[in-house]
Amino acid sequence: MDAARLLAAAQYSKHVLLVRGVVDTARVTGHPQAGDARLGYDLLTAVQSRHPEAVDTVLRYPSVGAWARHTVRKLSEPGAPAVPGQLGALAVAAALRSGTACTVEVPVAEGTITIPSVGQILVPGGAARATVRCTPEGAEVAGDGFRIEVSPSADGGDTPGWRPLRALTAETDGRCLRVLIDDLDPFRMPGSAALSSRLNAMRMAYWQSALDSAWDLLVRHHPAVADEVATVISVFAPMTPENGGQSSATSRETFGCVALSEPLDGRSLAVTLAHEVQHAKLSALLDVVPLLLPDDGSRHYAPWRDDPRPLGGLLQGAYAYLGVTGFWRRQRAHEKGKAAILASAEFAQWREAARSVSGTLAGSGRLTAAGEIFLTGMITQLDAYAAEPVPAEALTLAREASRLHRDRWVERNR
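Please read these numbers as outputs of a predicted model, since none were measured by experiment.

Conventions adopted
- Residues numbered from 1 in each chain as written.
- Predicted model: local features only at pLDDT ≥ 70, side-chain atom pairs only at ≥ 80, totals over all residues.
- Heavy atoms only, no water.
- Phe/Tyr/Trp six-rings, centres within 6.5 Å; stacked < 30°, edge-to-face > 60°.
- Helix = DSSP H or I, 4+ residues; strand = E, 2+ residues; numbered from the N terminus.
- Buried < 20%, exposed > 50% of the residue type's maximum accessible area, 1.4 Å probe, protein only.
- Pairing = 2+ DSSP bridges.
- Salt bridge = Lys/Arg side-chain N within 4 Å of Asp/Glu carboxyl O.

Considerations on the packing of aromatic side chains
Move 1: Inspection of the entire model under this criterion finds seven aromatic pairs.
Move 2: Their ring planes at 50° and their centres at 6.2 Å tell us that W207 and F236 sit as a pair that is tilted. Of this pair, W207 sits in helix 6 (residues 201–221) while F236 sits in strand 10 (residues 235–239); the two residues are 29 residues apart in sequence, bridging distant segments of the chain. Considered together, W207 and F236 belong to a single accessibility category, that of buried residues.
Move 3: Aromatic pair F327 and W328: ring centres 5.2 Å apart, planes at 90°, arrangement edge-to-face. This pair shows no difference in class: F327 is buried, exactly as W328 is.

What follows is the structure, encoded as structure tokens:
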């Protein structure tokens, strides 16, 4: 868990630099909202001097990193649309979290003002800007012909013009997990076309039930994974399932957020979290230490994908399925009968898949010195897993599943 904390700290530093980059790039490029960005930044600084935890929460929020990176990039492209004045909305988020009284001018984008980590304001009438007056109790948003009351509580429901983010909380044996369901922020998972719309109360209750079950399983049977999940993951972004199946994703731009379709049950959510926390950790590490040389254009078979993958994709997948393999290794000891056989089959399938892809990476000649060390650690763990006995019936199921995937992949990519 110490490694997870260090990676989270590195991501926080990245977000701080990116947010500062918005201010500086807006000024250098002469953007019309450069002054608004500076005012928002100065207000964040003022709130931080008295309530550092409020500003830290906002700056760590996954979508803030994605927005800041996007904005810096667009500011550097002549004529590209950018909204550096959104920094004012970050200041509003910190003010609401800390109960700080202030007044902020914020831009309106497509009829909304998104307050990262807090919620979204629906602005009527095509207004381009609005004034947000924050108080210790909440905020009032005003503009030409409208006035909207905002409550910062994550437990409240929608009110006219205001949609708060809602929280899920689970606790087992004194260990807690709290995540926000973000079904609003346009930067919650960049590049995904499968994000779902606002969840209703019935679906929120289902997600809460699934999280309760998943967290109980992780704490009781996978405590190290539970620790990492609690350290790394703070946001769920619901997705619409593809072809009726289960989908999940993380992004290097939004550390701490997992996009996922509605879980089938608690166990499926638990294994998804074990999978995605691996992706999140590796993405954070790659921001600090390069493990591969630049992409050489080669593409390879991955036993968990239908398309040929670059070496970077292989590394991400192998590391994620190293985590999945460990999950099923532990979980099979807690299952009985047919469920135990199926869990052992999952363990056998993914240990072989991750080891095979690790071999491809090892022979690629594209690893950095740090990458060689990292991959050696993965292979050592996978070889230890490979030495563990698995029932013959489970091995047969695993090998058949692997063969079917390979045959379909070859046919698809012939």
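There's plenty left to go through after this.
Remarks on the sheet that holds strand 11 (residues 248–249)
Move 1: Strand order across the open sheet formed by five strands is 8-9-10-12-11, with mixed pairing between neighbours. Two strands lie at the open edges of the sheet, namely strand 8 (166–172) and strand 11, each paired on one side alone.
Move 2: Where strand 11 lies against strand 12 (residues 257–261), two bridges are found, and the strand directions are antiparallel. Across the sheet, residue A249 finds its bridge partner in strand 12, namely A259.

Details of the pairing of strand 10
Move 1: The buried fraction of strand 10 amounts to five of the five residues, a majority that puts the element mostly inside the structure.
Move 2: Burial of strand 10 is two-sided: the residues V235, A237 and M239 facing one way and the residues F236 and P238 facing the other way are all buried.
Move 3: Where strand 9 (residues 175–181) and strand 10 come together, two bridges link them in parallel fashion. Across the sheet, residue L180 finds its bridge partner in strand 10, namely V235.
Move 4: Direction of pairing for strand 10 relative to strand 12: parallel, over a ladder of five bridges. Bridge pairing links P238 to L260 in strand 12.

Focus on the pattern of salt bridges
Move 1: Scanning the entire structure with this criterion turns up 30 salt bridges.
Move 2: Note that R403 and E400 form a salt bridge whose closest N and O atoms lie 2.6 Å from each other. Highlighted residues: R403 and E400, both in helix 12 (residues 392–412), separated by three residues, approximately one helical turn.
Move 3: Judged by its relative accessible area of 39%, R403 falls in the partly exposed class.
Move 4: Take E400: its relative accessible area is 34%, and that puts it in the partly exposed class.
Move 5: One salt bridge connects E411 with R414, and the closest N-O pair in it is separated by 2.7 Å. Take E411 and R414: they sit in the same class, and that class is exposed.
Move 6: Linked through salt bridges whose partners overlap, the residues forming this network are D158, R166, D183 and R198.

The quantities given are spatial measurements derived from coordinates; they are silent on function.
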